[in-house]
Amino acid sequence: MAPLSPLRSVDLLSNLALLIAAACFSAGYIRTGLFFGAVLTLALVLFWLFARQRGHMQIFTSLLLGWTLLAVAGMSLGVAAFWILIGYLGILAAHDLEGFAVRLQTVNRLQDPGRLVATHLRRLLGVTGAGLVLGSAALVAGLSIDFGSTALLSGIVIFCLILGIGFLRFHREKQR
Amino acid sequence: MNRQRREDALLLFFAGLLALTLLAGSLDRLTLRSAVPNDPRFLGELLAFRQLLLSPRTLVLMLTCFVPFLLITAYLILVSASERRRQQQRRSLLLEIFLWMLAFASLRFFVDSGLFGRQNGGNGVDPGLQLPDVPEINFVPQVSSTASLFTGLLLILLLIFGAWMLWRRLHPAPILVEQIGSQAEAALEELRSGADFKNTILRCYAEMCRVLNQQRGLQRDRGMTPREFEVRLWEAGLPAGPVSKLTRLFERVRYGANQPQPHEEREAYACLEDIAAASGKLE
């Protein structure tokens, strides 16, 4: 059996992530007795496949917003957070892989595409794993803090994430 | 990025993620109560504070704090020799005026919204008035939920704006030669990864024009030839040899019908490396 090309393997993983997301969202909604959620999930998957056929990243980004709204609605309607968390991580991974596949297709010549794909997948795995751990911790923790501490934490989140991401992006651009 | 800066950035990032996790884990148990206290003595102090905020003295104080900043900025604009610096100072002046108006509007909003007491109940309150005997006060909060939402959003926007300003201050735009070197390195990276050579050269050249315009206020007029622009690049401190070679290559790619030959590709590659090395960024 011939080995998969890097682009083909990215496509397969993207499909797998989309499948996991769709399965988790549908399962979560159906277990709660909300069948319309499963229908909406199916509609989003169909739109996703349609967008892939057209190859527009903007459509994927709009659809990501749709998945986000579905996740928020699910949490509000009492769908188990576990399904939403796994499903949302899946759709984030699928979105990232779709974008990566589009960029791979647009580059004419690559010296070592296999290594590039492997590096990207390692990073994606790390980020998804961290998201799973932190998301689970947030769901399990159930902390009780007062309004002042909440406001302080919000300020820290805004400052640290903006400055941290800004530093990293700025220096990465300079390094390029 | 050097090791220290990378560690600082990662530390900030992880601190933000940790805070976000704690915040996410606590939001569902957060209970929101009215921000207006029921203690009658504290209410009296709030009413007195409201009177102080509304007084002409406060307005004069705010103006006194603001006017020196305004005058200093105006003076700097007048005496500044560089057009780029004048532009920055004009922006600073606009920002100062905007911030002062925002501060004044916020103050009026908070006072008028009734956060510091009822609009009609504030006059003639003696700060020393003894109120502990009042058994119960049936206080109706004056701030609507819309006003609270608006204020919260405003505060979040101000926080984001403050973080952005802090980041800009901590990280001023790199000097011209560094930026040009960065663009050259980006173009090199594209070449290594197999991007279209012709487009890479055109993009690199266009980026250089843009950076010169941004950093030095030098606009490449429609009538300016690549050769004239080459002189500008020398003036910016870039090495003459590679810049000249790259300019010739640009001319051939831009105005010639033929595709670049392999030896031209190698030549351009070397020029870009030299330009990047000149900025001290290529190891």
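Cut-offs applied
- Residues numbered from 1 in each chain as written.
- Chains lettered and ligands numbered in written order.
- Predicted model: local features only at pLDDT ≥ 70, side-chain atom pairs only at ≥ 80, totals over all residues.
- Heavy atoms only, no water.
- Axes fitted to C-alpha atoms, helices over the stretch in contact; angles between N-to-C directions.
- Helix = DSSP H or I, 4+ residues; strand = E, 2+ residues; numbered from the N terminus.
- Parallel < 35°, antiparallel > 145°, perpendicular 65-115°, else oblique.
- Contact = heavy atoms within 4.5 Å.
- Nonpolar A, V, L, I, M, F, W, Y, C, P; charged D, E, K, R; others polar.
- Salt bridge = Lys/Arg side-chain N within 4 Å of Asp/Glu carboxyl O.
- Buried < 20%, exposed > 50% of the residue type's maximum accessible area, 1.4 Å probe, protein only.
- pLDDT = per-residue confidence, 0-100.
- Phe/Tyr/Trp six-rings, centres within 6.5 Å; stacked < 30°, edge-to-face > 60°.

**Q** I tried to follow the packing of helix α1 (residues 6-31) of chain A against helix α5 (residues 113-141) of chain A on my own but got confused; where do I start?
**A** For any two helices packed against each other, the geometry is given by the interaxial angle and the distance between the axes. Residue and element names in this part refer to chain A. It is at 9 Å that the axes of α1 and α5 come closest, and there the two elements cross at 25°. One way to sum up the angle between α1 and α5 is to call them roughly parallel. Of the residues in α5, those in contact with Pro6, Ser9, Val10 and Leu13 of α1 are Pro113, Gly114, Val117 and Leu121. Looking at side-chain class alone, the contact of α1 with α5 contains 6 nonpolar, 2 polar and no charged residues.

**Q** What should I look at first to understand the pattern of salt bridges in this one?
**A** As a working rule, side chains carrying opposite charge can pair if their charged atoms are close by. All names here are of chain A. Throughout the structure, instances matching the rule amount to 1 salt bridge over all chains. The partner of arginine 52 in a salt bridge is glutamate 98, with the nearest N and O atoms 2.5 Å apart. Of this pair, arginine 52 sits in helix α2 (residues 35-54) while glutamate 98 sits in helix α4 (residues 81-106), placing them 46 residues apart in sequence. Classification of arginine 52 by relative accessible area gives partly exposed; the value is 25%.

**Q** Would you explain the confidence of the model for chain A in this entry?
**A** When pLDDT drops low, the exact placement of atoms in the prediction is not to be read closely. Mean pLDDT over chain A stands at 85; residues scoring 70 or higher make up 90%. Taken element by element, the predicted model of chain A shows its lowest mean pLDDT in helix α6 (residues 147-175) of chain A (78) and its highest in α1 of chain A (91).

**Q** Just checking my understanding: could you explain the side chain of serine 14 of chain A for this structure?
**A** Residues and elements named next belong to chain A. Structurally, serine 14 can be placed in helix α1. Its relative accessible area of 2% is what places serine 14 among the buried residues. When residues no more than four places from it in sequence are discounted, the contact partners of serine 14 are Arg52, Ala94, Leu97 and Glu98.

**Q** Can you help me understand the packing of aromatic side chains in this one?
**A** Two aromatic rings are characterised by how far apart their centres lie and by the angle between their planes. All names here are of chain A. Across all of its chains, the model carries 5 aromatic pairs over all chains by this definition. Considering the side-chain rings of phenylalanine 25 and tryptophan 67, the 5.3 Å spacing of their centres and the 65° angle between planes classify their relative orientation as edge-to-face. Taken together, the residues span a long stretch of sequence, with phenylalanine 25 in helix α1 and tryptophan 67 in helix α3 (residues 57-76) at a distance of 42 residues. By the burial criterion, phenylalanine 25 is buried, and tryptophan 67 matches it.

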